[in-house]
Amino acid sequence: MELAVDKAVLKAAGAELLPEGRRGLRIDGWEIESSNRPILSSSQLQQWEQGLQTSHMPEMIFGDSSLILKHVNSGIKIHFNAFDALTGWKREALPPVEVPAAAKWKFKTHPFEQIVLDYDYTFTTPYCGSETIEINGEVKENPSLHWEDCKEEIDVVALALKEPILFYDEVVLYEDELADNGVALLTVKVRVMPSCWFLLLRFWLRVDGVLMRLRDTRMYCAFGSRHPVVLRESCWRESTFQELSSKGYPSDSAAYSDPTIISQRLPIIMERTQKLKVPGSP
């Protein structure tokens, strides 16, 4: 999504756009950059299958797409990419969600193939981002970054203020339509205002007639401090269609196309807030 921002507004916020050919900006010691690229080619896909040691992959993987937030002085880099997300899926290895018998034929690639869904075909991931330390283009081995549990919360009041948006983008990391049986989608959205940056990493799953699952990770960092703090809130929600129907909600999958609208209907199964202290400027 292209967002036209007045140069005077950028200047007033102390921000500058990245050089031509790159999408993002620099502000308050942070360099924030997004990249939307095509889906993996067949040869790239083979390399990923070898790297992940699996032949099961989402239909559409945007393997070269990414969002990167780098704190220049400390070298701390928070980034989001499909490979690390699928590594999380492979490690978590959830049991497969049961598919209604009437829909199993949709997973066939050959007419007489026997369907054995012995893996998590929803590609659900616990991924909440990647981080490393990179100084002068060199990545430090075993970076000592520590997210600690905390009671602080993201300042929703600050986010609700009518500030100009200096930068916004949405990056799709992977997507699968579950053989026309629902949707599995991993995206990350970022917006930058004069006072802070904020992002939402969202995994959204709907197995039609069976299950809905929402895994959200929100990150927030306020500007103006010599020692920035990044807050990270993780919230997982999940419910079966049967459970929702018993509470009087619709059982038709068409009623659940927008996760933002229906998220409050899904009970929370995990919630956690953490913070990452970023070393200040020298």
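Quick caveat, the model's predicted, so the values are computed rather than measured.

The rules we used
- All chains use their own residue numbering, which begins from 1 and follows the written sequence.
- Since the coordinates come from a predicted model, pLDDT governs what is reported: local features require at least 70, and pairs of side-chain atoms require 80 or more to be given and counted, while whole-chain, interface and lining totals use all residues.
- Working from all heavy atoms in the structure, the side-chain values ignore hydrogens and water.
- Put simply, two rings from Phe, Tyr or Trp (the six-membered ring, in Trp's case) pair if the centres are within 6.5 Å, and we call them stacked under 30 degrees between planes, edge-to-face over 60, tilted for the rest.
- Comment: elements are numbered from the N terminus, with helices defined as DSSP H or I runs of at least four residues and strands as E runs of at least two.
- Relative accessible area decides the class of each residue, using a 1.4 Å probe on protein chains only: under 20% of the type maximum gives buried, over 50% gives exposed, and in between gives partly exposed.
- Charge-over-ring contacts are defined here by two conditions on Lys NZ or Arg CZ: a distance within 6 Å of the ring centre and an angle within 35 degrees of the ring normal.
- To obtain each axis, a line is fitted to C-alpha atoms, and for helices this fit is confined to the stretch in contact; angles are then taken between N-to-C directions over 0 to 180 degrees.
- Roughly parallel refers to an angle under 35 degrees, roughly antiparallel to one over 145, roughly perpendicular to one between 65 and 115, and oblique to any angle outside these ranges.
- Crossing handedness: left-handed means the near helix sits turned counterclockwise from the far one by under a right angle, and right-handed means the same turn made clockwise.
- A contact between two residues is defined here by any heavy atoms of the two lying within 4.5 Å.
- Three residue categories are used. Nonpolar comprises Ala, Val, Leu, Ile, Met, Phe, Trp, Tyr, Cys and Pro, charged comprises Asp, Glu, Lys and Arg, and polar comprises the others, including Gly.

All right, on to the packing of aromatic side chains then. All chains considered together, the criterion is met by four aromatic pairs. Between Trp30 and Trp197 the ring centres are 5.4 Å apart and the planes differ by 75°, which places this aromatic pair in the edge-to-face class. Taken together, the residues Trp30 in strand S3 (residues 30–35) and Trp197 in strand S12 (residues 196–207) connect sequence positions 167 residues apart. For Trp197, a relative accessible area of 0% corresponds to the buried category. With a centroid separation of 5.0 Å and an interplanar angle of 50°, the aromatic rings of Trp89 and Phe123 are classed as tilted. Of the two residues, Trp89 sits in helix H3 (residues 82–92) while Phe123 sits in the loop between H3 and strand S7 (130–135), which places them 34 residues apart along the sequence. By relative accessible area, which is 4% here, Trp89 ends up buried. Owing to a relative accessible area of 2%, Phe123 belongs among the buried residues under this scheme. The ring of Trp236 is capped by Arg215, whose NZ or CZ atom sits 3.6 Å from the centre of that ring. The ring of Trp147 carries Arg232 above its face, with NZ or CZ at 3.9 Å from the centroid.

Before going further, it helps to examine the packing of helix H2 (residues 42–52) against H3. Look at H2 against H3: their axes get within 11 Å of each other, and the N-to-C directions meet at 40°. Considering their axes alone, H2 and H3 lie oblique with respect to each other. The hand of the H2/H3 crossing is right-handed. Between H2 and H3, the contacting residues are Trp48, Gly51 and Leu52 on the first element and Ala82, Phe83, Leu86, Thr87 and Lys90 on the second. Broken down by class, the residue content of the contact of H2 with H3 amounts to five nonpolar, two polar and one charged.

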